Amino acid sequence: MNPLIAPSILAADFANLQKEVEMINDSVADLIHVDIMDGVFVPNISFGLPVVEAVNRHAKKPLDVHLMIVAPEKYLEAFHKAGAAQITVHMEACPHLHRTIQAIKAMDCKAGVAINPHTPVRNLQDIIREVDTVLIMSVNPGFGGQEFIENTYKKIQALSQLIVETGSHAKIEIDGGVSLSNAKKLLDAGANILVAGNFVFSSENPTETINKLKFIV
């Protein structure tokens, strides 16, 4: 089964954002990945609700909103209204993760939980059946263009096993350093969704790059 491809607009040309979104619309991509950073949870600031709303006005693919922020529970409704089809929050930022996931699902929105490179997969044991997606950070969150962390493959395998053991239906999403050189290995380990930013938008032909990722199997 081919993976779902989610180009990350964090790497797009923001002077031509509508054009970049339309490129994704016309490609075989499945989602538009939207990274929200607050400069507190991660050492960078990306953009906020007005940009998400602007992307949503032109998007024909669902918005996969990844909240790399503290206290994400305060902003769930706002991001859903801005156009998010799925909202992913970080386990490390949520002291009441179950409540936050339930709040996302109560809005008829898909719910995801993300884990940083240092967070063990086993920490998901008590929430895995409640979420639609688990996002494994394969770089340290906060900046694009980082080197892929090789331990990610083992984490995907461990997560795949946990999903089977618990009867969860969660998809496995990988974010950070994804390229044609590691995409096949990520999928073989059990990944379902590939997020790609710089690799797509810095390529000579982003549409063709998305196509290659989609059909690499």
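Presented here is a report on the structure given in the accompanying data block. Quick caveat: nothing in here was measured; it's all calculated off a predicted structure. (Residues numbered from 1 in each chain as written. Predicted model: local features only at pLDDT ≥ 70, side-chain atom pairs only at ≥ 80, totals over all residues. Heavy atoms only, no water.)

**Focus: the sheet that holds strand β6 (residues 133-137)**
Part 1 of the argument: Reading across from one edge, β1-β8-β7-β6-β5-β4-β3-β2 is the order of the 8 strands in this open sheet, with parallel pairing throughout. Either end of the sheet is taken by a strand with one partner, and the two such strands are β1 (4-7) and β2 (32-37). Averaged over all pairs of adjacent strands, the angle between their axes in this sheet comes to 25°, without regard to strand direction.
Part 2 of the argument: Inspection of the sheet shows β6 paired to strand β7 (residues 171-175) by 5 bridges, in the parallel sense. Opposite Met 137, over in β7, you have Asp 175 as the bridge partner. (Pairing = 2+ DSSP bridges. Helix = DSSP H or I, 4+ residues; strand = E, 2+ residues; numbered from the N terminus. Axes fitted to C-alpha atoms, helices over the stretch in contact; angles between N-to-C directions.)

**Section: the pattern of salt bridges**
Part 1 of the argument: Enumeration over the complete set of coordinates arrives at 3 salt bridges.
Part 2 of the argument: Asp 30 is the partner of Lys 214 in a salt bridge, and the nearest nitrogen-oxygen pair spans 2.9 Å. Of this pair, Lys 214 sits in helix α8 (residues 206-214) while Asp 30 sits in the loop between α1 (17-26) and β2, placing them 184 residues apart in sequence.
Part 3 of the argument: Under the relative-accessibility criterion, Lys 214 is labelled buried at 11%.
Part 4 of the argument: Linking Lys 184 and Asp 188 is a salt bridge whose minimum nitrogen-to-oxygen distance equals 3.0 Å. A residue pair is termed a helical-turn pair when its members lie 3 or 4 positions apart in one helix, as Lys 184 and Asp 188 do in helix α6 (residues 183-189) at 4 residues.
Part 5 of the argument: By relative accessible area, which is 35% here, Lys 184 ends up partly exposed.
Part 6 of the argument: You can call Asp 188 exposed: its relative accessible area is 57%. (Salt bridge = Lys/Arg side-chain N within 4 Å of Asp/Glu carboxyl O. Buried < 20%, exposed > 50% of the residue type's maximum accessible area, 1.4 Å probe, protein only.)

**Observations regarding α1**
Part 1 of the argument: Leu 17, Glu 20, Val 21, Met 23, Ile 24 and Asn 25 are the residues of α1 that are buried.
Part 2 of the argument: Turning to α1, the residues buried within the fold contact β1, β2, α2 (49-58), α7 (198-201) and α8. (Contact = heavy atoms within 4.5 Å.)

**Re the packing of aromatic side chains**
Part 1 of the argument: The final tally for this structure, using the stated rule, is 2 aromatic pairs.
Part 2 of the argument: Measuring from centroid to centroid gives 5.5 Å for Phe 14 and Phe 47, while their planes differ by 45°, and the two rings are tilted. Taken together, the positions of Phe 14 in the loop between β1 and α1 and Phe 47 in the loop between β2 and α2 put the pair 33 residues apart, joining distant regions of the chain.
Part 3 of the argument: Here Phe 148 and Tyr 153 contribute two aromatic rings whose centre-to-centre distance is 5.3 Å and whose plane-to-plane angle is 50°, an arrangement assigned as tilted. As far as the burial class goes, Phe 148 and Tyr 153 line up, both buried.
Part 4 of the argument: Positioned above the aromatic ring of Tyr 153, the side-chain terminus of Lys 185 is 4.3 Å from the ring centre. (Phe/Tyr/Trp six-rings, centres within 6.5 Å; stacked < 30°, edge-to-face > 60°. Lys NZ or Arg CZ within 6 Å of the ring centre and 35° of its normal.)

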